[in-house]
Amino acid sequence: METADIFSVSDKNVLITGSSRGLGYNFARGFVQAGADVIINGRDEQRVRKAVQKLNKFQGAAFGYPFDVAQKEQVEQNISLIEKEVGRIEVLINNAGIQRRAPLEEMPLADWQEVIDVNLSGVFIVSQCVARNMIENDSGKIINITSLNAEGARPTIGNYCAAKGGLKMLTRSMAAEWSKYNIQTNAIAPGYFATDMTEELREDEEFDSWVKQEVPLQRWGDPEELIGAALFLASKAASYINGETIFIDGGWRASL
Ligand SMILES: NC(=O)c1ccc[n+]([C@@H]2O[C@H](COP(=O)([O-])OP(=O)(O)OC[C@H]3O[C@@H](n4cnc5c(N)ncnc54)[C@H](O)[C@@H]3O)[C@@H](O)[C@H]2O)c1
């Protein structure tokens, strides 16, 4: 095999959860441009349809399947439809995620639960369903989108930090259990990136200058700067990388 080919994801079926906007949409664009067939997901049917329309201008193909990752029945129905209509899911990117902010002493149980349900249990539900088919085919790649907050906590997002920390260990558990079926599971942990999720933070002058001061690269990440790592982890080039988390944080964790 030519060296260039080991990075190819061309013609692979890639399911990206929460990909109608933000980092997920950005991953989707990267994979479609690299010639993959990408399955777009989100809860809002119209947004999913719009994202598919935009992506179908590029080299690969995009398909839309709206469902809630935290609803087991919806997940099972849709995964089985995808496998029938698009084909076997070869790469799964667990990207869907939410935030509900409040100090821990005031956080409503419902906000705690919702974040754990989507950001952690949702990954378990979707991965279990997809992995059963990957196991049957003795191959697959799973990429979980965790966060800098899997290691470093910040006030008002205790639910989010707990979920992302849990997801880091779920990534290792998947690697420990599913490697024997030739499934490699890894995680990408972004630092602070400019998306809808972080819009409020970017508009807060104090927070914005704190980020620029703490990150050695002195700026927010551009979502495009995550694509390369995802393409790499989904390709043959990463076949012996397993259970790892790649932090993409502009050097934040490297500096004091
Ligand atoms: N933006 C950042 O700086 C940053 C940093 C670290 C980690 N992350 C993580 O990256 C991922 C994407 O974040 P983003 O900034 O693009 O957020 P975003 O809010 O812009 O997009 C989130 C996407 O997830 C979808 N989604 C939410 N709940 C869902 C559910 N129950 N079922 C299906 N889809 C659902 C939304 O429809 C949306 O498409 C999240 O897991 C987030 O925690 C983001």
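Before reading further, recall that the structure is shown in the block above.
Asks: Would you take a moment to explain the sheet that holds strand E1 (residues 13-16) for this structure?
Replies: Strands belonging to one sheet form pairs held by backbone hydrogen bonds; the direction of such a pair is parallel or antiparallel. With parallel pairing, the seven strands of this open sheet are ordered in space as E3-E2-E1-E4-E5-E6-E7. With partners counted over all chains shown, the strands left at the sheet margins are strand E3 (61-64) and strand E7 (245-248), one partner each. Sheet twist, expressed as the average angle between the axes of neighbouring strands with direction ignored, equals 20 degrees. Summarising the sheet, strand E5 (residues 140-145) and strand E6 (residues 183-190) pair through six bridges and their orientation is parallel. Paired with Gly-140 across the strands is Ile-183, a residue of E6. Across the sheet, helix H2 (residues 45-55) touches strand E2 (37-40) and E3, and the angle it forms with E3 is around 170 degrees.

Asks: I tried to follow helix H4 (residues 109-137) on my own but got confused; where do I start?
Replies: Between its terminal C-alpha atoms H4 stretches 40 Å, which fits the 42 Å expected from 29 residues at 1.5 Å a residue. Ser-121 marks where H4 bends most, by close to 45 degrees. Along H4, the positions that sit buried rather than exposed are Val-115, Val-118, Asn-119, Leu-120, Gly-122, Val-123, Ile-125, Val-126, Ser-127, Val-130, Ala-131 and Met-134. Where H4 is buried, its residues meet E1, helix H3 (72-85), strand E4 (91-94), E5, helix H5 (158-178) and E6. Just beyond H4, the residue with positive phi is Asp-138, at close to 55 degrees.

What counts and how
Residues numbered from 1 in each chain as written. Predicted model: local features only at pLDDT ≥ 70, side-chain atom pairs only at ≥ 80, totals over all residues. Pairing = 2+ DSSP bridges. Helix = DSSP H or I, 4+ residues; strand = E, 2+ residues; numbered from the N terminus. Axes fitted to C-alpha atoms, helices over the stretch in contact; angles between N-to-C directions. Contact = placed C-beta atoms within 7 Å. Expected span 1.5 Å × (residues − 1). Bend = angle between axes of the 7 residues up to and from the residue. Buried ≥ 20, exposed ≤ 12 C-beta atoms within 10 Å, placed from the backbone.

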